[in-house]
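Survey of secondary and tertiary structure
Read off the chains here:
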Amino acid sequence: MSLAVEPLGSFAGHGPLVVTPRVHPDERGFFLERYVEDAYAPHGIGPFVQDNHSRSAHNVLRGLHWQVPPHAQGKLVSALTGRILDVVVDLRHGSPTFGRWASAVLDDETHRQLWVPPGFAHGFLVQSSVADVHYKVTARYARDAERSLRWNDPQVDVAWGVDAPTLSLKDADAPLLRDLTQDDLFAWEDEA
């Protein structure tokens, strides 16, 4: 399997990665290998224990979410149908890039994927009429470990490109970065 892997943003240490798998198109459509352990593992991606799939309508914003240790999740995110703006925020307290964000467009044309390692909040905005989003995760869902950050926190200032997305009540009422405690964050470990 051949794939291209590029860092997303300029985060300190091991940050998010944009992965572009090789697509084999022909007159019938296309074929691609969405995940092959031997190709992804050298980039620190995986191993995975659960697959999740969501469908959302235009202007739906899901996030920003994460799970704290010992249930911290890495996520490999793909848009199976449609187009999303996928966003990550560095939540590694003490990191030189703490509180910074970056984004990538994921869609069903480029088939790009986003690797979100533990230590980052994750969310996405649906830009197409509908989007099916698939994400492989490295830890099972744990309600007690789940955390959220307000999508429009002025301290983080994500450029979503919308003023009034469709949100869940939980996401609309999520705390601001300044209100998070040490227990909500990740410890920064300088990987240099």
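Before reading further, recall that the structure is shown in the block above.
To start, this report covers the structure provided alongside it. (Residues numbered from 1 in each chain as written. Predicted model: local features only at pLDDT ≥ 70, side-chain atom pairs only at ≥ 80, totals over all residues. Heavy atoms only, no water.)

Description of empty space enclosed by the protein
Applicable threshold: In this analysis, the protein atoms alone were mapped onto a 1 Å grid. Cavities are point sets where a 1.4 Å probe fits without being able to get out; pockets are open sets with protein on both sides within 12 Å along at least five of seven lines; lining residues have an atom within 4 Å of a point. Grid points are joined across faces, edges and corners, and a volume is the space filled by probe spheres set on the points. Helix numbering and strand numbering both begin at the N terminus, where a helix is a DSSP run of H or I of at least 4 residues and a strand a DSSP run of E of at least 2. Charged means Asp, Glu, Lys or Arg here, nonpolar means Ala, Val, Leu, Ile, Met, Phe, Trp, Tyr, Cys or Pro, and polar covers whatever is left, Gly included.
Considering all chains together, one arrives at 2 cavities of 30 Å³ or more under this definition. By volume, the largest cavity is sized at about 40 Å³. Contributing to the lining of the largest cavity are H65, W66, Q67, Q73, K75, V116 and F120. Examining the composition of the lining of the largest cavity, we find that 3 residues originate from one element, strand 6 (residues 61-67), more than from any other. Residue classes in the lining of the largest cavity are distributed as 3 nonpolar, 3 polar and 1 charged.

So, the sheet that holds strand 8 (residues 83-90)
To keep things clear, this is the line we draw: At least two DSSP bridges between two strands are needed for those strands to be called paired. Between N-to-C directions, angles cover 0 to 180 degrees, with each direction set by a line fitted to C-alpha atoms, over the stretch in contact for helices.
One open sheet accounts for 5 strands, arranged 10-8-12-6-14; its pairing is antiparallel. Edge positions in the open sheet fall to strand 10 (101-107) and strand 14 (146-148), since each of these has one partner strand only. The average angle at which neighbouring strand axes cross in this sheet is 25 degrees, direction not considered. Here strand 6 pairs with strand 14 via 3 bridges, running antiparallel. Bridging from a neighbouring strand, Q67 pairs with E146 of strand 14.

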